[in-house]
Amino acid sequence: MERQLRQFNEKYSDIETYLKKETQQLIQLIDQQFDQVKLIKGQQSELAEALGNNLKFAESKNDLTLAASQEKATEIEIIQNEHAELKVQTEEK
């Protein structure tokens with residue numbers, strides 16, 4: 001009976017030791033994964049900020065380009081009107 005109890009205690013002790021090692025490994029893995037998630041989240045925030053800045057820059061450039069395009073369209077219209085007037089004056093002579 002004592003021998004069986006001793007054997008049981010040894011097996012229980014072996015199982016407990018194994019579970020402690022496995023638990024420790026799982027804790028380390030969770031810590032590593034958590035650190036990786038924090039790192040990736042930080043990178044994601046940096047990329048989101050850079051993307052936002054690039055979008056604002058592109059929007060401002062687009063607005064400037066549209067304004068310049070409208071200005072040139074107005075200039076072209078004025079020149080075409082002047083050309084039409086000169087053409088009429090030339091034909092009248």
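Up top is the structure.
Reference entry: report on the structure contained in this document. (Residues numbered from 1 in each chain as written. Predicted model: local features only at pLDDT ≥ 70, side-chain atom pairs only at ≥ 80, totals over all residues. Heavy atoms only, no water.)

**Overview of the overall build of the protein chain**
Right, on to step 1. Secondary structure assignment for the protein chain yields 1 helix and 0 strands.
Right, on to step 2. For 93 residues, the compact-globule estimate of 2.2 N^0.38 gives 12 Å, and the C-alpha radius of gyration of the protein chain, at 40 Å, exceeds that figure by more than 25%.
Right, on to step 3. Taken over the C-alpha atoms alone, the protein chain extends approximately 135 × 15 × 10 Å along its principal axes.
Right, on to step 4. Looking at the protein chain residue by residue over its 93 residues, the buried ones come to 0%.
Right, on to step 5. When the accessible surface of the protein chain is split by element, carbon and sulfur atoms take 57% of a total near 9300 Å².
Right, on to step 6. Across the protein chain, 12 positive and 18 negative side-chain charges occur, with their mean positions spaced 14 Å apart. (Helix = DSSP H or I, 4+ residues; strand = E, 2+ residues; numbered from the N terminus. Rg over C-alpha atoms; globule rule 2.2 N^0.38 Å. Buried < 20%, exposed > 50% of the residue type's maximum accessible area, 1.4 Å probe, protein only. Areas by Shrake-Rupley, 256 points an atom, 1.4 Å probe, with all protein chains shown as cover. Lys, Arg positive; Asp, Glu negative; His and termini not counted. Charge placed at Lys NZ, Arg CZ, Asp CG, Glu CD.)

**What about a nonpolar patch on the surface?**
Right, on to step 1. A surface patch of nonpolar side chains, about 330 Å² in accessible area, is lined by Ile15, Tyr18 and Leu19.
Right, on to step 2. One can find Tyr18 in helix α1 (residues 2-92). (Patch = residues over 30% accessible without salt bridge, like charges linked within 9 Å, V, L, I, M, F, W, Y side chains within 5 Å. Salt bridge = Lys/Arg side-chain N within 4 Å of Asp/Glu carboxyl O.)

**Looking at the pattern of salt bridges**
Right, on to step 1. The tally for this structure, following the rule as stated, stands at 1 salt bridge.
Right, on to step 2. A salt bridge links Glu75 to Lys72; its shortest N-O distance comes to 3.7 Å. Within this pair, Glu75 and its partner Lys72 are both found in helix α1, separated by 3 residues, close to a single helical turn.
Right, on to step 3. In this structure Glu75 comes out as partly exposed when scored by relative accessible area, which is 34%.

**Description of the environment of Glu49**
Right, on to step 1. Locating Glu49 in the fold gives a position in helix α1.
Right, on to step 2. Using a relative accessible area of 54% as the deciding quantity, one classes Glu49 as exposed.
Right, on to step 3. Expressed as a C-alpha distance, the spacing of Glu49 and Gln70, which sit 21 residues apart in the sequence, is 32 Å.

**Quick look at the environment of Thr65**
Right, on to step 1. Relative to the assigned elements, Thr65 resides in helix α1.
Right, on to step 2. For the pair Thr65 and Thr90, spaced 25 residues apart in sequence, the C-alpha to C-alpha distance is 37 Å.

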